[in-house]
Amino acid sequence: MAIAKMKKLTLIGLSREKEALIKELMSLGVVQISEQDARLSDESWSNVVRKDDAETASVKWETELERVDNALKLIDRFGDSKKPLISERKAIQTQEFEDALVKEYEIRRDVLKLTRLSRKLAHVLLAENRANIARMSLLPWKEYDIPAEQFATKATRVWQGVVPAGNDSADFLRILADKTQYTDAEVVHTDSEQHYISILFLAEELDAVQAALRDLGFNRIALPMAEGAVGEALAELEQELADIDAQKEDLIGKIRELKDCEPKLKLYHDELVMRRDCAAIRDKFLVTDSTFYLDGWFPRIAEDKLKALLTRYTCHFETADPEQDEQPPVLLLNGKLAEPFEAVTKLYSFPDYWGIDATAFFALPYALFFGMMLSDAAYGLLLMGITYFVKKKFTLEGMMKQLIDMFFFCGVFTLFWGLMFGSFFGDLITVVSSTFFGRTVNFPTLWFNPVEEPMTLLIFSYALGLLHILLAMGLGGYMSIRDGQPLDALFDVGFWYMLIIGLLLFMGAGMVPALPAGAPLFGKWMAIAGTLGIICTAGRHNKGITRITGGFTSLYDITGYLSDVLSYSRLLALGLATGVISSVFNTLGALGGPTLTGVILMIIAFSIGHPYNFAINALGSFVHSCRLQYVEFFGKFYQSGGVGFAPFCENTKYFKIIKEEQ
Amino acid sequence: MDVLTTAAESLLTGNFMALLGAAVAALAGIGSAIGVGIAGEAAAGVTAEDPSKFGQALLLQALPGTQGIYGLLIAFLIMNKVGLIGGSGMLELTLLQGALIFTSALPIGITGTLSAVAQGKTAAAGIMMIGKRPEEIAKGMVYAAMVETYAVLALLASFLMLNGITL
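Note that this is a predicted model, so its numbers are computed, not measured. (Residues numbered from 1 in each chain as written. Chains lettered and ligands numbered in written order. Predicted model: local features only at pLDDT ≥ 70, side-chain atom pairs only at ≥ 80, totals over all residues. Heavy atoms only, no water.)

(A) Up close: the domain arrangement of chain A. Residues and elements named next belong to chain A. Split by domain assignment, chain A resolves into domain 1 (1-51 + 285-331 + 644-662), domain 2 (53-133 + 239-274), domain 3 (146-228) and domain 4 (339-633). A separation of 43 Å is found between the C-alpha centroids of domain 1 and domain 4. Opposite the 16 residues of domain 1 that make contact, domain 4 presents 10 residues. A buried area of about 1,000 Å², summed over both sides, lies between domain 1 and domain 4, and 64% of it is on carbon and sulfur atoms. Here lysine 656 ties to glutamate 397 by a salt bridge, and the two come within 3.6 Å at their closest N and O atoms. Where domain 1 packs against domain 4, one counts 2 residue pairs in polar contact (both at pLDDT 80 or more). Its residues assigned to classes, the side of domain 1 that touches domain 4 shows 9 nonpolar, 3 polar and 4 charged. (Domains from an automatic or database assignment. Contact = heavy atoms within 4.5 Å. Buried area = accessible area lost by both parts, 1.4 Å probe. Salt bridge = Lys/Arg side-chain N within 4 Å of Asp/Glu carboxyl O. Polar contact = N/O pair within 3.5 Å; in protein donor to acceptor, adjacent residues only side chain to side chain. Nonpolar A, V, L, I, M, F, W, Y, C, P; charged D, E, K, R; others polar.)

See the structure below:
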């Protein structure tokens, strides 16, 4: 129901037990080990201890891990197995996990094979690329029959090159002939970009030819062949490419043969991750020749387990509550119903450790607002169905699981409001029954139809908003009281409560007959008292004249509260949007009348319109419900800036290791 | 001159004004098109760097699209009100009624268009942000939703005005 209480662990142990202890700490996964850099700059520490060497051990595993990663990628690329929509970690028993790794050498051999194949494949692909480039550059010269040996003889030279296609090739030949004595130029090929030209000239005339060609924008190129004519070289390249293709197929085939070892590779991958992490965590250890030191944070609820573990080792440890000036990491602990909404808190920012976790307080409003904005019974069922299916099909963890669970609850409230407002795919039932069956059947409306009575819903939205804001202010007051500042709670929250509630009573009590007759008058004086209180106290932190004026200027905040409440009109507007757009599609579908074409039209309008409307409005409801929490609700009290609790644990990718004893 | 006067007189009817209102409301779609376009350009840039961000970028890109929907919503309500769809033919409206309906379409028509462009820019900035920090997508969304508030308010104004007009 809040932020988990953290305790600090300080531990000194024997080096010979270090490895074993690290392993057990990882498997327990409740301690976040702190960096020690600050300690090392303190001389009284650095004289005695030094940083542990994590580098040598972790690099070895890191390299191996990279190899396994590449092998897995290779199988993934050629193994033609389908990629799942959502990646999940498979549960596995410790025993099974360890058994699978008994023959580690076999897995290593497969990794080695795959690494070799991958290297060969890279070579082949490189060769293929090179051959393709050569082929592309030779293709325009296909018809050119001067062999490469004759490009330079004793007295003659043959040059090949290109000029832009924009130049007139006839002009080129003429000007070249004019400027030089004995040259023979030939346009071999022309495509949309270039003329490909071959020039035969006397070696002694080189300078003149070069000068003429420069003026003509001739760009000399070297044909990628050593001997023979272009035709022969091309044929050779084709042959080479065919060979390469065969080699590639062969290699891919060999990779496919190895695809069955994928599960084992994944196991090995996870084992390597753990070994690497065990090695890398030593970066945060301080050591002497035979002892080591570490400190870190753990949640108080795990204290017993942690102590049970540590007492089995020859080590000295102390646990302590955090000091006020320390910033322990933040772990959110909430009940089953509120826990999914932690996702919304995390998307904003973790609360400060000394602040408050508001998840439990906004969980209900969040789902309620989401439901009001989507407000369609069918969409609610759809949302529940989709999230339920995803949960059944995949084993989800962390943020993803929380989001899916959260949307399930939101679906429940969408269904609820859909029933209240009588909306099932908008007015689908009414439209279909009156169009195709000739009599009007209405989906029952439990409360009222917001399109017909928008003002009722608008006022209801404002009322909900007001409650939401008052709750937020109340939490702010609670924090002040908890921190031993009850006067702050009275000044900053209590007086505002008096002002706002007083104003409401003063202006609105007349409309509610159930309230006693004196309520407006009472409200008036309450508001006045609240106002005076605010004027007298709001400037108390200021200095000089603003101490007095501050009270008056802070009264101006009333506009802020007003606009905050008005912001909840989106509950009505987005709700209307869902309903009206639904009926747009239903009306479109009904245009064909009670005919076969009409039915087909209806089906088309339904199957395009409603998924679209559902998707865009669910997104809108999510975003705007978040906004109402972040801006209107959190704005009143929330202290963010905490850092999430990231314990040293089995941070595996493919498997989740289940301990037998638990 | 006479021709123009006659044309103006025959056009300036309640029905014409009402339809003009529906048209103006639906014009909010222009803003959405521009806004989604702006966001889409940014999204393509970010996706080019990292194709796995496609989904996240798409979510943000969709946000400026709602103004067009709000416009369509009001246009539809107007058409429904004057009996153009779903009813038994268009009602005969007085010039005043038509003018009132036209006026009710202005908030969403104008605010919708302009706010969608602004929201498109904000969404594009949000998409740039997830290019660097994909975990902060919710913040990008909330920035965009801040802009949308005013489209929502305009929608509400249009809706309440339209709802209050009795024919």
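(B) Representation of unusual backbone geometry in the model. All names here are of chain A. Residues other than glycine seldom take positive phi values, yet serine 375 does so here, at roughly 30°. Given a relative accessible area of 7%, serine 375 falls into the buried group. Non-glycine residue phenylalanine 425 carries a positive phi angle of around 50°. When its relative accessible area of 14% is taken as the criterion, phenylalanine 425 is described as buried. (Buried < 20%, exposed > 50% of the residue type's maximum accessible area, 1.4 Å probe, protein only.)

(C) View of the nonpolar core. Ranked by internal contacts, the top residues of the largest apolar core, which has 62 residues, are Met473 and Leu571 of chain A together with Tyr70, Leu73, Ile74 and Ile101 of chain B. In terms of residues, this core owes the most to one element, helix H22 (residues 570-590) of chain A, which gives 10 residues. When sequence neighbours within four positions are dropped, the list of residues in contact with leucine 73 of chain B reads Leu576, Ala577, Val580 and Ile581 of chain A together with Leu155 of chain B. (Core = buried A, V, L, I, M, F, W, Y, C linked by side-chain atoms within 4.5 Å. Helix = DSSP H or I, 4+ residues; strand = E, 2+ residues; numbered from the N terminus.)

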